[in-house]
Amino acid sequence: VHPMEFDSVQARTPVKQTRVAILILALTLHSIFEGLALGMRTTHNSVWTLFLAITTHKVVIAFSAGLEVTRNFHPEIKPVIICIIFFAIASPVGATIGTITTLIQTTHSSKTLAWVDAGLECIATGTFMFITFFEILAKNLKEGGHNMMKIGVMLLGFLVMVVLTYVNGHKH
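Residues numbered from 1 in each chain as written. Predicted model: local features only at pLDDT ≥ 70, side-chain atom pairs only at ≥ 80, totals over all residues. Heavy atoms only, no water.

I tried to follow the overall build of the protein chain on my own but got confused; where do I start?
Within the protein chain one finds six helices and zero strands. Of all 172 residues assigned to the protein chain, the portion counted as buried reaches 30%. In the protein chain, 77% of the contacts between residues at least 6 apart in sequence involve partners at least 24 apart. Total accessible area on the protein chain stands at roughly 11,200 Å², and carbon and sulfur atoms take up 76% of it. (Helix = DSSP H or I, 4+ residues; strand = E, 2+ residues; numbered from the N terminus. Buried < 20%, exposed > 50% of the residue type's maximum accessible area, 1.4 Å probe, protein only. Contact = heavy atoms within 4.5 Å. Areas by Shrake-Rupley, 256 points an atom, 1.4 Å probe, with all protein chains shown as cover.)

In this structure, what is going on with the packing of helix α3 (residues 44–73) against helix α4 (residues 78–105)? I would like to understand it.
Working note: a packed helix pair is described by the angle between its axes plus the distance between those axes. Running from N to C, α3 and α4 cross one another at 160 degrees; their axes reach a closest spacing of 9 Å. Our classification of the angle between α3 and α4 gives roughly antiparallel. The hand of the α3/α4 crossing is right-handed. Mapping the contact onto sequence places Lys 58, Ile 61, Ala 62, Val 69, Thr 70 and Phe 73 in α3 and Pro 79, Val 80, Cys 83, Phe 87 and Ser 91 in α4. (Axes fitted to C-alpha atoms, helices over the stretch in contact; angles between N-to-C directions. Parallel < 35°, antiparallel > 145°, perpendicular 65-115°, else oblique. Left-handed = near helix turned anticlockwise from the far one by under 90°.)

Please clarify how unusual backbone geometry should be interpreted in this entry.
Leave glycine aside and you will find that most residues have negative phi; peptide bonds, for their part, are mostly trans. A cis amide bond links His 74 with the next residue in sequence, Pro 75, at an omega value of 5 degrees. Looking at the secondary structure, you find Pro 75 in the loop between α3 and α4.

Explanation requested: the pattern of salt bridges in the structure shown.
Between side chains of opposite charge, a pair can form as their charged atoms come close. If you walk through the whole model with that rule in mind, you get one salt bridge. A salt bridge links Arg 71 to Glu 68; the nearest nitrogen and oxygen atoms lie 2.9 Å apart. Within this pair, Arg 71 and its partner Glu 68 are both found in helix α3, separated by three residues, close to a single helical turn. The exposure class assigned to Glu 68 is buried, which follows from its relative accessible area of 16%. (Salt bridge = Lys/Arg side-chain N within 4 Å of Asp/Glu carboxyl O.)

Would you take a moment to explain the side chain of Glu 34 for this structure?
Relative to the assigned elements, Glu 34 resides in helix α2 (residues 14–39). Of the side chains with opposite charge, Lys 58 lies nearest to the buried Glu 34, which makes no salt bridge, at 5.0 Å. Contacts of Glu 34, omitting those with residues within four sequence positions, involve Leu 50, Ile 54, His 57, Ser 91 and Ala 124. (Lys, Arg positive; Asp, Glu negative; His and termini not counted.)

Is there a simple way to think about the nonpolar core in this case?
A general trend in soluble globular proteins is that nonpolar side chains are found buried together. Val 20, Leu 23, Ile 24, Leu 27, Ile 61, Ala 65, Val 69, Phe 73, Val 80, Cys 83, Phe 87 and Ile 131 form the largest nonpolar core, which has twelve residues in total. Counting residues per element, the ones that place at least two in this core are α2, α3 and α4. Ignoring anything within four residues of it in the chain, the contact list for Leu 27 reads Ile 61, Ala 65, Phe 87 and Ile 131. (Core = buried A, V, L, I, M, F, W, Y, C linked by side-chain atoms within 4.5 Å.)

Sorry if this is basic, but what is going on with a nonpolar patch on the surface here?
On the surface, Leu 52, Leu 156, Leu 159, Val 160, Val 162, Val 163, Leu 164, Tyr 166 and Val 167 cluster together into a nonpolar patch covering about 880 Å² of accessible area. The dominant element in the nonpolar patch, judged by the number of residues it contributes, is helix α6 (residues 147–167), at eight residues. Note on placement: Tyr 166 falls in helix α6. (Patch = residues over 30% accessible without salt bridge, like charges linked within 9 Å, V, L, I, M, F, W, Y side chains within 5 Å.)

What should I look at first to understand the side chain of Arg 41 in this one?
Mapped onto the secondary structure, Arg 41 falls in the loop between α2 and α3. Judged by relative accessible area, Arg 41 falls into the buried class, the value being 14%. Sequence-distant contacts of Arg 41, defined by excluding residues within four places in its chain, comprise Ser 46, Val 47, Leu 50, Asp 117 and Glu 121.

Next up, the structure:
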């Protein structure tokens, strides 16, 4: 039996496929906003700090999203490839738009740039929190088994990101 065929009959329902497509859309929008925030950074240190943070969590999210897409669209390959392409190009597109926005806004006050940057960070954080708590965490806790360990690992991940931010001297 092929590893992806263990639940292919259950997984291939239109409702589940629609839910996964919406998840990928939300992750893609989140990645665009992350890229915007990255592109709007003005110091070398802040670019690398945010790049590290984005890369750290995007690797895990990409792996999980890839599994969900493959599980719910197998054996159809076209929707899987489309989802992967959109998710993969979202951060670079956002970073490009953010960089262009920053270059254009250099003629305006830095206060305007700070407000735009803060707004984009809020949207990116909100989408990340929504996906984390309402899509990924809720589904994993619903499955049962080792729920305290799952929450502990999640909190450990948040703690690692806080420590990385503190060590790099993150300031607003």
